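Fold and contact review
Now for the letters of each chain:
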Amino acid sequence: MRFNIYTIWMAKELVTLGSFEFLSDVQVIKGKLESEGISVFLKDANTVGIEPFASNAIGGIKLQVHPVDEERAREIYDEVRSYAQDHEGNLITCPNCKRQKSEVYYSRNTLIHKLFPFLEPKKYRCLHCKFIRRAQ
């Protein structure tokens, strides 16, 4: 779907559904959302396309939709997204709410981790209760 100047100007009003390290990761979900008639904006896609190593530093490519489409877009996104798995391929279970809907999470709240994101230990964040725990 194409965006006009007004749509791009309204980017401040968009809702971020998720962020992705690589452009190829977000294309499948973008295509699915657009096939369902939902307009999608990929914030920072050009930057990551030109300089892939900048992805971690800027927080990845943000998949954004208009607020009126948020509920339906989240339903579609949840259907096609992949959740965090352990080394054996089992879904990560949240110790707080026992659901298996976690994703890899990096807080990048220190200068060292902002400059060198690969040094931050891997964590998982439950998408249901927002509980964050370190990877085992």
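In what follows, the accompanying structure is described. (Residues numbered from 1 in each chain as written. Predicted model: local features only at pLDDT ≥ 70, side-chain atom pairs only at ≥ 80, totals over all residues. Heavy atoms only, no water.)

**Overview of the environment of Lys123**
To keep it simple, the criterion reads: Strands here are runs of E lasting at least two residues and helices are runs of H or I lasting at least four, both read from the DSSP assignment and numbered beginning at the N terminus. What makes two residues a contact is simply this: any of their non-hydrogen atoms within 4.5 Å. Any pair of N or O atoms that falls within 3.5 Å is considered a polar contact. Within protein, one atom must be able to donate a hydrogen and the other to accept it, and sequence-neighbouring residues count only if both atoms are side-chain atoms.
Take Lys123: it is sitting in strand 5 (residues 123–126). The contacts of Lys123, once residues within four sequence positions are left out, are Glu103, Val104, Tyr105, Ser107, Ile132, Arg133, Arg134 and Ala135. Of note is the side chain of Lys123, whose polar atom sits 2.7 Å from the side chain of Glu120.

**Some remarks on the packing of aromatic side chains**
Inclusion rule: We call Phe, Tyr and Trp rings a pair once their centres come within 6.5 Å, taking the six-membered ring for Trp, and we label the pair stacked below 30 degrees between planes, edge-to-face above 60, and tilted otherwise. Relative accessibility thresholds used throughout: buried, under 20% of the residue-type maximum; exposed, over 50%; partly exposed, between the two (1.4 Å probe, protein chains only).
Using the criterion set out here, one finds one aromatic pair in the structure. Ring centres 6.2 Å apart and planes at 70° place the aromatic pair Phe20 and Tyr77 in the edge-to-face group. Pair noted here: Phe20 is in strand 1 (residues 15–20) and Tyr77 is in helix 5 (residues 70–80), with a separation of 57 residues, a long-range link. Tyr77 carries the same exposure label as Phe20, and that label is buried.

**What about the packing of helix 2 (residues 23–35) against helix 5?**
The condition that has to hold: Axis geometry follows a simple rule: fit a line to the C-alpha atoms, using only the stretch in contact for helices, then measure angles between N-to-C directions, giving values from 0 to 180 degrees. For this classification, under 35 degrees means roughly parallel, over 145 means roughly antiparallel, 65 to 115 means roughly perpendicular, and everything else is oblique. Helix crossings are classified by the rotation of the near helix relative to the far one: an anticlockwise turn of less than a right angle makes the crossing left-handed, while a clockwise turn makes it right-handed.
Running from N to C, helix 2 and helix 5 cross one another at 135°; their axes reach a closest spacing of 10 Å. Taken as axis vectors, helix 2 and helix 5 run oblique relative to one another. For helix 2 against helix 5, the interelement crossing comes out right-handed. Where helix 2 abuts helix 5, its residues Ile29, Lys32 and Leu33 lie against Ala73, Ile76, Tyr77 and Val80.

**Quick notes on a nonpolar patch on the surface**
For the record, the criterion: Patch membership is restricted to residues that have no salt bridge and whose relative accessible area is over 30%. Joining uses 9 Å for like charges and 5 Å for the nonpolar side chains Val, Leu, Ile, Met, Phe, Trp and Tyr. Exposure was quantified through the Shrake-Rupley algorithm and a 1.4 Å probe, taking into account, for residues, occlusion by the shown protein chains and nothing else. The term salt bridge refers to a side-chain nitrogen of Lys or Arg lying within 4 Å of a carboxyl oxygen of Asp or Glu.
The grouping of Leu111, Ile112, Leu115, Phe116, Phe118 and Leu119 at the surface amounts to a nonpolar patch, some 660 Å² of accessible area in total. On the secondary structure map, Phe116 appears in the loop between helix 6 (111–115) and strand 5.

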